Amino acid sequence: MGSNASKNTEEEVEDGSNGGGGGGQLYVSLKMENSKVEGDLTPHVYGSVPIIGSWDPSKALPLQRESASISELSFVVPPDHETLDFKFLLKPKDRNTPCIVEEGENRLLTGGSLQGDARVALFKLEGDVVVEFRVFIKADRVSPFDLAASWRAYRENLQPSTVRGIPDVSINPDPTALENCASESLELDLEHYEVPAPAASANSSLVYAADNAENPRSLSASGSFVNDNSTPKAVSNSPRVSGVSVDGSPSAKEMNIIVPDSSDSYSASGVAQRWSKGTFVDRGVGSPRLVKSVSASSFLVDLKLDAQTKNSMPAAAGAVAAAAVADQMLGPKEDRHLAIVLVGLPARGKTFTAAKLTRYLRWLGHDTKHFNVGKYRRLKHGVNMSADFFRADNPEGVEARTEVAALAMEDMIAWMQDGGQVGIFDATNSTRARRNMLMKMAEGKCKIIFLETICNDERIIERNIRLKIQQSPDYAEETDFEAGVRDFRNRLANYERVYEPVEEGSYIKMIDMVSGNGGQIQVNNISGYLPGRIVFFLVNTHLTPRPILLTRHGESMDNVRGRTGGDSVISESGKIYAKKLANFVEKRLKNEKAASIWTSTLQRTIMTASSIVGFPKVQWRALDEINSGVCDGMTYEEIKKNMPEEYESRRKDKLRYRYPRGESYLDVIQRLEPVIIELERQRAPVVVISHQAVLRALYAYFADRPLKEIPQIEMPLHTIIEIQMGVSGVQEKRYKLMD
């Protein structure tokens, strides 16, 4: 209760206004500190009213243990008893042993000021042994209004839960229509309630996943590669290059790109047998490396680690942080950076898998980037390349594709050396020679894990081919859809002729996993926390389209009062929203018999879901609101007034700020990981009814928002965010049911 009381500065307490009551009461805190006293002696206090009104040691009040060495007792002094007369004593656990009263005169606290300078309490034990305690006495002025508000919040927290007795998993099978009054029903079609999503949100339209991958470092300001000619260099057996602007201002120069001889094998010990240099004309490859992003700064400030180790630490808490520290300090230097190299034929879902994995690792706090070699190729050589460009017996095509792969790998390694942690290298990488080249380039710089996607389902391959023609920039100017399909099939056949499955190094094989109906996953030489999490994530992910609905609980009484945390009931407005939400779910998911409703364990979310019938309801402790610790039940104005240092620390870094005895946003992300994994695994729609901070973290995962933006994400009351997951990525809609 006392943590909610507002207090004045010491100057205000000690001026003349506090002598006669000053229109308020005093909040008094008594603390004693001694790290050497054994546990069989407990500090107590006794004395005049309002402490206990008795000098009988048997009635003394115990100080509560605050830490291993500090004990504390706090209380409020009414205006008519502002002079306290008291002493400390030590009580043995053995009741038959007499108490030990402190030496010296009684202590007097008048108007919040301690008379004298008694900052030490001395106790004389047997054998003339003297024990010394440090004493801290603090008094702050409390207005009657703040005290009443604090007491009211305290009493509300003691109210019995209105949802007690509801099991963690329940279902109301009654499919009958809800009986709503006019203000609680949705009289219009659902699209009439749709509102625009924020500008920086999940995609509201189809976006080709490779377009969101990293741009080459050698791009000019105009968005094209720096080139030595006014037109791109032609490649044999390919049509006219289009869609690429050229900035010819810088002069061309020759440079040496180290491209290992792909004919060499890569030894099992990880040591390259031979390197060779390939000389290429610079088409914009030799760009300066980017400066490390501020967002990649380390959360470690006290560990004595070298700069490179600090740069490779994730912005995370809990298990992710602990595992990162162990891996960085105990593992090989190259293991500080991880390269996930995709392998597989076209139309097998590699880019989709790379995009999802990138999003997941970023959300966990790992600085992760997606490097798509196809994007490099299109920017370097243009779009609308015919299938002949991808033939293994086309030497100029092979050289061009090898060059852009080496460029992308060089960019990824350079980014890692600047502090990047996980790089996703997205290409077919379908031959052992190509993979040997990549392993040699990565030697001593990063650890490579191959991720091979294999799909034998002709229906899925056909669907992916048609999506490729619809979305890929390679076919943006192809007016004949079926001609594009035929060309892509020819490209696919060219890759199939030379395809070699992964059998070398560390690898993960996903075999027929994309459908979500079984399949196999094979791992070889995989160890460490992060590779293990990647495998676990991949086991649970699939491409089945389904919506996920995110919404806050209906307005609560604490929302009305502007108080943080708590476990209050919903207001009258919140009850109306609960009915409208039930009506919305009934209309939106009327054909989804396998849908489920997830809530937190707090009564405001359970009450909001109570009107929804016909679907299973599951309570998750992980979905509870961020724990605001000692600030629970306070308004932000009270925190600013009573705990200015905490208020300022939170304002400066809301992502990492941890409430005293509470949580930070990074803590929330860690406890939400099982929720994300289960949402990825679910094949049916899910309605998540939770809280502002939790939904910000969940939404940031689906929208791929940077961690630093999570605390500022807009998450209004009485609004539903629909996330549509499927083969085309993630799309978003928002519905505002009421103000």
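Parameters and conventions
- Residues numbered from 1 in each chain as written.
- Predicted model: local features only at pLDDT ≥ 70, side-chain atom pairs only at ≥ 80, totals over all residues.
- Heavy atoms only, no water.
- Phe/Tyr/Trp six-rings, centres within 6.5 Å; stacked < 30°, edge-to-face > 60°.
- Helix = DSSP H or I, 4+ residues; strand = E, 2+ residues; numbered from the N terminus.
- Buried < 20%, exposed > 50% of the residue type's maximum accessible area, 1.4 Å probe, protein only.
- Lys NZ or Arg CZ within 6 Å of the ring centre and 35° of its normal.
- Expected span 1.5 Å × (residues − 1).
- Patch = residues over 30% accessible without salt bridge, like charges linked within 9 Å, V, L, I, M, F, W, Y side chains within 5 Å.
- Areas by Shrake-Rupley, 256 points an atom, 1.4 Å probe, with all protein chains shown as cover.
- Salt bridge = Lys/Arg side-chain N within 4 Å of Asp/Glu carboxyl O.
- Pairing = 2+ DSSP bridges.
- Axes fitted to C-alpha atoms, helices over the stretch in contact; angles between N-to-C directions.
- Contact = heavy atoms within 4.5 Å.
- 1 Å grid on protein atoms, 1.4 Å probe; cavity = no way out; pocket = protein on both sides within 12 Å on 5 of 7 lines; lining within 4 Å.
- Points joined across faces, edges and corners; volume = space filled by probe spheres on them.
- Nonpolar A, V, L, I, M, F, W, Y, C, P; charged D, E, K, R; others polar.
- Parallel < 35°, antiparallel > 145°, perpendicular 65-115°, else oblique.
- Left-handed = near helix turned anticlockwise from the far one by under 90°.

- As named in an unreviewed UniProt entry, the chain is CBM20 domain-containing protein, taken from Brassica carinata.

## Some points on the packing of aromatic side chains
Item 1. Inspection of every chain in the model, using the stated rule, returns 13 aromatic pairs.
Item 2. With 5.5 Å between their ring centres and 80° between their planes, Phe123 and Phe133 make a pair best called edge-to-face. Remark: Phe133 occurs in strand S11 (residues 130-142) and Phe123 occurs in strand S10 (residues 120-124); sequence separation between them is ten residues.
Item 3. Classification of Phe133 by relative accessible area gives buried; the value is 3%.
Item 4. Between the aromatic rings of Phe389 and Phe390, the centroid separation amounts to 5.1 Å while the plane-to-plane angle is 85°, which identifies the pairing as edge-to-face. The pair Phe389 / Phe390 is uniform in exposure class, with both members buried.
Item 5. Within the aromatic cluster, the residues linked to one another by ring pairs are Trp363, Tyr701 and Phe702.
Item 6. Here Lys509 stacks its cationic end above the ring of Tyr507, 5.4 Å away from the centre of that ring.
Item 7. Across the ring face of Tyr699, the terminal group of Arg734 is positioned such that the distance to the ring centre comes to 5.3 Å.

## Considerations on helix H7 (residues 395-417)
Item 1. Helix length check: H7 (23 residues) gives 32 Å between terminal C-alpha atoms against 33 Å at 1.5 Å per residue, within 8%.
Item 2. One or two residues past the end of H7 sits Gly419, with phi positive at roughly 125°.

## Digging into a nonpolar patch on the surface
Item 1. A cluster of nonpolar side chains, contributed by Val120, Leu122 and Val130, occupies part of the molecular surface with about 220 Å² of accessible area.
Item 2. Its place among the elements puts Val120 in strand S10.
Item 3. Here Val120 falls in the partly exposed class, since its relative accessible area comes to 36%.

## A closer look at the sheet that holds strand S17 (residues 368-372)
Item 1. An order of S17-S18-S16-S19-S20-S21 is seen for the six strands of this open sheet, with the pairing classed as mixed. Only two strands of the sheet have a single neighbouring strand rather than two, namely S17 and strand S21 (520-524). Between one strand axis and the next, the sheet turns by 15° as a mean value, whatever way the strands run.
Item 2. Here strand S16 (residues 338-343) pairs with strand S18 (residues 422-426) via four bridges, running parallel. Within S18, the position partnered with Leu338 by the bridge is Val422.
Item 3. Across the sheet, helix H6 (residues 373-381) is in contact with S17 and S18; its angle to S17 comes to roughly 50°.
Item 4. Against the sheet, helix H8 (residues 432-442) contacts S16, S18 and strand S19 (447-454), and its axis sits at roughly 155° relative to S19.

## Considerations on the environment of Val341
Item 1. With respect to the helices, strands and loops of the structure, Val341 is situated in strand S16.
Item 2. According to the relative accessible area criterion, Val341 is buried, its value standing at 0%.
Item 3. Sequence-distant contacts of Val341, that is, excluding residues within four places in its chain, are made with Phe425, Asn429, Leu438, Ile448, Ile449, Phe450 and Leu451.

## Quick look at empty space enclosed by the protein
Item 1. Throughout the structure, instances matching the rule amount to three cavities of 30 Å³ or more.
Item 2. Taken as a whole, the largest cavity holds about 100 Å³ of empty space.
Item 3. Contributing to the lining of the largest cavity are 13 residues, with Phe352, Thr353, Met510, Thr541 and Leu543 lying nearest its centre.
Item 4. Put simply, the parts of the chain that give the lining of the largest cavity at least two residues each are helix H5 (350-364) and helix H11 (529-540).
Item 5. The biggest single contributor to the lining of the largest cavity is H5, with four residues.
Item 6. For the lining of the largest cavity, the class distribution of residues is eight nonpolar, four polar and one charged.
Item 7. Empty space within the second largest cavity amounts to approximately 50 Å³.
Item 8. If you go around the second largest cavity, the residues you meet are Arg348, Thr453, Ile454, Cys455, Met510, Ile511, Asp512, Met513 and Val514.
Item 9. Looking at the lining of the second largest cavity, the elements that each hand over two or more residues are S19 and strand S20 (506-511).

## Describing the pairing of S18
Item 1. When you tally the buried positions in S18, you get five out of five residues, the bulk of the element.
Item 2. Going residue by residue along S18, you find Val422, Ile424 and Asp426 tucked away on one face and Gly423 and Phe425 tucked away on the opposite face as well.
Item 3. Sheet analysis places S17 next to S18, joined by five bridges and oriented parallel. Residue Lys369 lies in a different strand from S18, and its bridge partner there is Gly423.

## Re the pairing of S11
Item 1. Bridge count for strand S1 (residues 25-33) against S11 is nine bridges, and the pairing is antiparallel. Pairing of Leu30 across the sheet is with Ile137, part of S11.
Item 2. Bridge count between S10 and S11: five bridges; the pairing is antiparallel. Within the sheet, the bridge partner assigned to Phe123 lies in S11 and is Val131.
Item 3. If you look at the hairpin formed by S10 and S11, you'll find five residues sitting between the two strands, and Gly127 has a positive phi there, around 70°.

## Considering unusual backbone geometry
A negative phi angle is the norm for most residues apart from glycine, just as the trans form is the norm for most peptide bonds.
Item 1. The phi torsion at Ala347 lies on the positive side, around 65°, for a residue other than glycine.
Item 2. Along the polypeptide, Ala347 turns up in the loop between S16 and H5.

## Some details on the packing of H5 against helix H17 (residues 665-681)
Item 1. The N-to-C vectors of H5 and H17 enclose an angle of 160°; their axes lie 10 Å apart at closest approach. Taken together, the axis directions place H5 and H17 in an arrangement best described as roughly antiparallel. Considering the relative orientation of H5 and H17, their crossing is right-handed. Here H5 contributes Lys356, Arg359, Tyr360, Trp363 and Leu364 to the contact with H17, which in turn contributes Ile669, Gln670, Leu672, Glu673, Ile676, Ile677 and Glu680.
Item 2. Split by residue class, the contact of H5 with H17 holds seven nonpolar, one polar and four charged.

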